[in-house]
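# Analysis of the macromolecular model
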Amino acid sequence: MAVGHADHIVYHAGPPIELAALHAQQEETYQALTRSLEQQAELERTAHNSAKLVLILTGMVYRLDQLNRTTTEERDQLRARHANPAELKRAEFQFARAMEQEKRAKAELRRAQDKQRQAEELATRVAEQVRMLTNELDRLRMNAGAGEEPAVPPRTVLAPHVASSLLEQAVGDDIEQALARAEAVNDADDQILQRITRELASNVEGVVEETPGRPPQRSWTSPLRMRFPRAKWGRLVAVVLSILIASSSSSAQASKGVNWQYFTGSAVFSRPAVADGTVYINSGDGNVYAIAANDGWLKWRTPISGILGSGQSSPAVADGSVYVGSKDGRLYALDTSNGAVRWQPSISSSPIESSPAVADGTVYIGTREGKVYAIDATTHLVRWSRSTGGVVTSSPAVANGVVYVGSWDGKVYAFNADTGKPRWQFPTGDRVESSPAVADGTVYINSRDGNVYAINADTGQFLWHSYGIRSASESSPAVADGTLYVGSDDGKVYAISTSTHRVLWSHPTRDSVKSSPAVANGVVYVGSNDGKVYALYANTGDVCWTATIGGWVYSSPVVADGTVYVGGRDAETVYAFRARL
């Protein structure tokens, strides 16, 4: 055992020394875990910076390409009309400068893409290290017995580091200044990545540390064989507190209900798909992301289009594949385990905004050319296609062997799922952008004429339409326990009885509601273009909670295992909220 004061300890042989050693290891494990959490936070914000810089530089390269085309035309025109030498020299200078700027912008774009990839790869390593350190800490605590040590600090997201202030200004008329700022951000991120890489590659052997008057102490080697120096409890607690305080400054973390957030670098319009512990999302940066549902770390990312845009097609997951429409007019099937492209038939000359539905080995999807396709999930061959009279951005619903879908020609269509043979079509007063919900033999769908329609699923016969809602919307209805829930462009969320067809309640937001509601455990979750996600009690419409993420919330929430997943357009982020606060 050890006796004496803190600055003068005499060690005696015996079992208590083993307990003291366990406590010492426990303290060192806390320090190792704390450093890993710091690395985790640094890598997350570095990936955030790089992703945003990629988006900015992509736009800059496009601008410079357009400028080069203009300067080339001006130069050629001057040459053709034999302009004076001074004017021609000036045009040549402008052309050469624009070419050089475009070359530099492309180089910085490649650097930013590399930094984002490196940060994500390192983050995967550090996440594994955090897991192993946490397990080691649990083991030590069980062996040493209960102590007064602080709880394991949670994974957190730090506010962007100092270089991120440059990102907000990395565009403008002064291309030279913008390029210099982009280079500064890349340099800052590069320093962070190099430092963390060196730390992860540290000497694996323990180093003996000697303190006068005390027995030699050996630094602890983590399960990933990374050596960490000892630290006093005061600094340990200060570091953990600093992580938590920095995290609270983040806008998303300001809400107590946020489990995690993942920045994609572009607008997120699509609805997430959640399957087997993974969240899949289609982002406007042309990538499909697979994100761990429990902690928000990236599993993989697959580019499905080099075209920046809305990315409105939402993923569908079935039988080990992720299906999603792309801005390049293709339907992609990706391997859920690693994101590898399994097949990608081209079915449209325009971006696909309809979301796929999968049933009995067939993928159903609409296109802007007005067609609905049925594609075999195994052979990826088209089983059938049928034309409507307008654009199809509505997402098909499949029930009892029938495919239901809306069209911009103002009609709702029903097709035999096996053959594509038309069953019926139902006219509304304006285009149908929303997707149908099918429940108890009835098809419910929202039309731009300001009505929600109830249609007999077998015959296509009109049953009823909503009373009290006279504002158009593309929000798709959700039906639960005899009540239909839907958003409207008048800024309200409505609950309508499916038996009396009357409005039970409405809840106002501050902007249009294009997001489609999700209902779970007596709560309705929906986004609004006022920048908020609303959780409303299903029976009354009263607020359970709200979360402000900023900008339009066009994405529709999905609820799984007590968590609400939703994307933000202007926030360019996927969020995971606790369903009940």
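The model shown is predicted, which means the values in this text are computed figures rather than measured ones.

### Considerations on the overall build of the protein
On a plain count of helices and strands, the protein comes out with five helices and 36 strands. Restricting the contact set of the protein to residue pairs at least 6 apart, pairs at least 24 apart contribute 50%. Carbon and sulfur atoms make up 50% of the accessible area of the protein, which amounts to about 25,800 Å² in all.

### Quick look at the pattern of salt bridges
Summed over all chains, the structure comprises 16 salt bridges. Lys-115 serves as the salt-bridge partner of Asp-190, at 2.8 Å between the closest nitrogen and oxygen. With Asp-190 in helix H4 (residues 175-200) and Lys-115 in helix H2 (residues 85-144), the pair connects residues that are 75 residues apart, well separated along the chain. Across this residue pair, the class does not change: Asp-190 and Lys-115 are buried. Three or more residues joined by partner-sharing salt bridges are found here, namely Arg-431, Glu-433, Arg-448, Glu-474, Asp-489 and Lys-514.

### Some thoughts on the side chain of Asp-530
Examined against the element boundaries, Asp-530 turns out to sit in the loop between strand E31 (523-527) and strand E32 (532-537). Here Asp-530 sits buried without a salt bridge, and the closest side chain of opposite charge, Lys-532, lies 5.5 Å off (N-O distance). Here the side chain of Asp-530 touches Arg-510 through a polar contact of 3.1 Å, landing on its backbone nitrogen. Within the structure, Asp-530 has its side chain in polar contact with the backbone nitrogen of Lys-532 (distance 3.0 Å). Non-local contacts of Asp-530, meaning those with residues more than four positions away in its chain, are made with Thr-509, Arg-510, Asp-511 and Gly-551.

### Side note on the pairing of strand E25 (residues 462-465)
Two faces, one strand: in a regular strand the side chains alternate between the faces of the sheet. Where strand E24 (residues 452-456) and E25 come together, three bridges link them in antiparallel fashion. If you follow Ala-454 over to E25, its bridge partner there is Trp-464. In this antiparallel pair of consecutive strands, E24 and E25, the connection spans five residues, and Gly-460 shows a positive phi of 80 degrees.

### Some details on the sheet that holds strand E22 (residues 437-439)
In a beta sheet, neighbouring strands are held together by backbone hydrogen bonds and run either parallel or antiparallel to one another. Taken in spatial order, the four strands line up as E22-E23-E24-E25 in an open sheet, and their pairing is antiparallel. Strand pairing shows two members of the sheet lacking a second neighbour, E22 and E25, which therefore form its edges. Each strand of the sheet is rotated relative to its neighbour by a mean of 20 degrees, with strand direction disregarded. Pairing between strand E23 (residues 442-446) and E24: five bridges, direction antiparallel. Residue pairing for E24: Val-443 is matched across the bridge by Ile-455.

### A closer look at the pairing of E31
Across the five residues that make up E31, a large majority, five, are buried. In E31, alternate side chains face the same way, and those of Val-523, Tyr-525 and Gly-527 on one face and Val-524 and Val-526 on the other are all buried. Relative to E31, strand E30 (residues 518-520) runs antiparallel, the two being bridged by three bridges. Considered in E31, the bridge of Ala-518 is made with Tyr-525. Between E30 and the antiparallel strand that follows it, E31, lie two residues; Asn-521 among them carries a positive phi value of about 55 degrees. Bridge count between E31 and E32: five bridges; the pairing is antiparallel. Following the sheet pairing, Tyr-525 is matched in E32 by Ala-535. Turn length for the E31-E32 hairpin, with the two strands adjacent in sequence and antiparallel, is four residues, and the turn residue Gly-531 shows positive phi of about 90 degrees.

### A look at the environment of Val-372
Considering the arrangement of structural elements, one finds Val-372 in strand E16 (residues 371-376). When residues no more than four places from it in sequence are discounted, the contact partners of Val-372 are Ile-365, Gly-366, Trp-384, Ser-385, Arg-386, Thr-388, Val-405 and Phe-415.

### Observations regarding the sheet that holds strand E9 (residues 298-303)
One open sheet accounts for four strands, arranged E6-E7-E8-E9; its pairing is antiparallel. Since the sheet does not close on itself, it has two edges, and those belong to strand E6 (273-275) and E9, each with one partner. On average, each strand axis in the sheet is inclined to that of its neighbour by 15 degrees, with strand direction left out of account. Both E6 and strand E7 (residues 278-282) contribute to a ladder of three bridges, which runs antiparallel. Looking at E7, one finds that Ala-275 is bridged to Thr-278.

### Observations regarding the confidence of the model for the protein
Averaged over every residue, the pLDDT of the protein is 80; the share at 70 or more is 79%. Every residue in residues 155-173 is under pLDDT 50, and counting partners more than four places away or in other chains gives 50 contacts.

### Concerning the nonpolar core
Grouped together as the largest cluster of nonpolar side chains are 18 residues, with contacts concentrated most on Leu-33, Leu-43, Leu-122, Val-126, Leu-193, Ile-196 and Leu-200. A per-element tally of this core places H2 first, with seven residues.

### Details of the packing of aromatic side chains
Counted under the stated rule, the structure contains 16 aromatic pairs. Plain terms: the ring middles of Trp-260 and Tyr-565 are 6.0 Å apart, the flat faces sit at 40 degrees to each other, and that makes the pair tilted. Of this pair, Trp-260 sits in strand E5 (residues 258-263) while Tyr-565 sits in strand E35 (residues 563-568), placing them 305 residues apart in sequence. Of the two residues, Trp-260 and Tyr-565, neither departs from the other in class, the shared state being buried.

### As for unusual backbone geometry
Most peptide bonds take the trans form, and the phi angle of most residues other than glycine is negative. The phi dihedral of Asp-319 falls on the positive side, at around 55 degrees, and the residue is not glycine. Position of Asp-319 among the secondary structure elements: in the loop between strand E10 (316-318) and strand E11 (321-325). For Asp-360, which is not glycine, the phi torsion reads 50 degrees and is therefore positive. Overall, the relative accessible area of 79% leaves Asp-360 in the exposed class.

### Things to note about the side chain of Glu-572
Take Glu-572: it is sitting in the loop between E35 and strand E36 (573-578). Using a relative accessible area of 15% as the deciding quantity, one classes Glu-572 as buried.

Analysis parameters
Residues numbered from 1 in each chain as written. Predicted model: local features only at pLDDT ≥ 70, side-chain atom pairs only at ≥ 80, totals over all residues. Heavy atoms only, no water. Helix = DSSP H or I, 4+ residues; strand = E, 2+ residues; numbered from the N terminus. Contact = heavy atoms within 4.5 Å. Areas by Shrake-Rupley, 256 points an atom, 1.4 Å probe, with all protein chains shown as cover. Salt bridge = Lys/Arg side-chain N within 4 Å of Asp/Glu carboxyl O. Buried < 20%, exposed > 50% of the residue type's maximum accessible area, 1.4 Å probe, protein only. Lys, Arg positive; Asp, Glu negative; His and termini not counted. Polar contact = N/O pair within 3.5 Å; in protein donor to acceptor, adjacent residues only side chain to side chain. Pairing = 2+ DSSP bridges. Axes fitted to C-alpha atoms, helices over the stretch in contact; angles between N-to-C directions. pLDDT = per-residue confidence, 0-100. Core = buried A, V, L, I, M, F, W, Y, C linked by side-chain atoms within 4.5 Å. Phe/Tyr/Trp six-rings, centres within 6.5 Å; stacked < 30°, edge-to-face > 60°.

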